[in-house]
Structure formats: structure tokens, C-alpha cells
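Examination of the molecular architecture
In case you want the letters, here they are:
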Amino acid sequence: MPTILKKEKRRKIKGQAVISPKVNSYSSDPYFEQKARNAKEAIEKFGLPPQNH
Amino acid sequence: MNLEQYIYYTNKDFLDYEFYSEGPKGRIKKIVHYQKINEHPLVYNLAFGDLNDLNGKIDDAINTNNGDSEKVLATVAATTVDFMNKYPNAYVYAAGSTLSRTRRYQMGILKIWNEIHHNFEVYGLLDESWHLFKAGVNFEAFLVKRK
């Protein structure tokens, strides 16, 4: 019995990335959440670079 | 970018990217995620890791050793270019989960420096303040912004 594969709808964008509806959101992953908390603390503590370079 | 890199995929928000590392240890799914950490000015944290197929969570403890670290880093850097095409006013903050991983970020930036320094400002965190990125200095974290 032949198998019919559903072709994923995709298109190229300006850069290299291929847009795919199959890519999940990982915003609630515990590891990424922890990394974001650490980053937020660092930005609050050290600020951002001065803009006069 | 001229460095060899993997084909990678993103969703319509350009916040999540997926690609596969391929090497002696097999085919390993890598995830790159950008998470907003500040609104004004806009700052996103860059984080990446391996997807654990068993529980669907990111596993940062794994040291993949798939013999393709340069190609993986070049792919992560390429996602940053795509991300900044979508969010041109955002800063991207990046720090490794260990000193050695932060060092690898630094080596990755150095490898693509000639291609990015005309279009991007890159800063390194050292002694509690931000400095323009330069070779030979071991920074603790990085910030990237489009010029």
C-alpha cells in the first residue's frame, strides 16, 4: 500500500529560516523560563550599554 | 553567512527555531528560543538546548559531543540574524549556562565577526559593566543590537 506524505507548506524568508507551522512555542519550558529570569536579573543589575560608543 | 550551518525552521513569531544536529551521536533536535525580558528598551534573552524526546522538555545538562559544535553555533548565530530582521530595535542578551559555554558563545561571535560587525553592535559584560566586544577578553555575557 503506497504511503502519501503530506507536503509541509513552507516558504523561504529573507534570511535562512524556513517558516513552518510545526515549530512549537517553547516560552513555557522551565529551562528557558529560568534562563530568562537570570537574564532579566542581569539586565536589572547591570543595565544596558551607554549609547555614546 | 558563509559558515556551514544547518537548515532551521521558525514559526510566525520568529521567537522559536528548530534544527537537527547530525553526527556520530545521531540526529539531535536543537531548540533556540528568544524570550522578552524587558519592554523599554526591548530586550530578548537568547537560550538554546537539546530537546528531550522523552519528556518534550529542553535538556541543558547534555553535552551532545556530536562533532559539529561550530556548525551548531553558526546556526544559532544565523537565527539571531533572522530574529533581528523581524525585531530590528531589540537587544539580544546571551549568556551560557556555564563559563565554558559562555566561552563557546564568544568563540562563535569571533568566527562570524567579519560578517556581523558592520551591521551589529556587540557588547560584552565584564566587571559589572558593558564594553564593546573585542577578541582576547573573556566576557561573562553578551548583548547584540542592530546598528
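Residues numbered from 1 in each chain as written. Chains lettered and ligands numbered in written order. Predicted model: local features only at pLDDT ≥ 70, side-chain atom pairs only at ≥ 80, totals over all residues.

1. Regarding the overall build of chain A
Using the following cut-off: Only DSSP runs of H or I covering at least 4 residues are called helices, and only runs of E covering at least 2 are called strands; the numbering of each starts at the N terminus. Around each residue's C-beta, the other C-beta atoms within 10 Å are counted; 20 or more make the residue buried, 12 or fewer make it exposed, and counts in between make it partly exposed. All C-beta atoms are placed from the backbone.
When you go through chain A residue by residue, the secondary structure sums to one helix and two strands. Along chain A, helices and strands appear, N-terminal first, in the series β-β-α. Counting over 53 residues, chain A shows a buried share of 17%.

2. Details of helix α1 (residues 30-46) of chain A
So the rule is basically this: Expected helix span is taken as 1.5 Å per residue step, with the number of steps being one fewer than the number of residues. C-beta atoms are placed from the backbone for every residue, and two residues are taken to be in contact when these atoms lie within 7 Å.
Between its terminal C-alpha atoms α1 of chain A stretches 24 Å, which fits the 24 Å expected from 17 residues at 1.5 Å a residue. Lining the buried residues of α1 of chain A we find β3 (26-38), β4 (43-51), β5 (58-59) and β6 (91-94) of chain B. Just downstream of α1 of chain A, G47 of chain A is the residue with a positive phi angle, here 70 degrees.

3. Structural notes on the interface of chain B and chain A
What counts here: We treat two strands as partners when DSSP finds at least two bridges between them.
Residue-level contacts link 39 residues of chain B with 27 residues of chain A. Going through the elements one at a time, β1 (9-10), β2 (16-23), β3, β4, α1 (69-86), β6, β7 (120-126) and β8 (129-132) of chain B are the ones with two or more residues in the side of chain B that touches chain A. Relative to β1 of chain B, strand β2 (residues 18-19) of chain A is paired through two bridges, and the arrangement is parallel. Across the sheet, the residue bridging to I19 of chain A is T10 of chain B, located in β1 of chain B.

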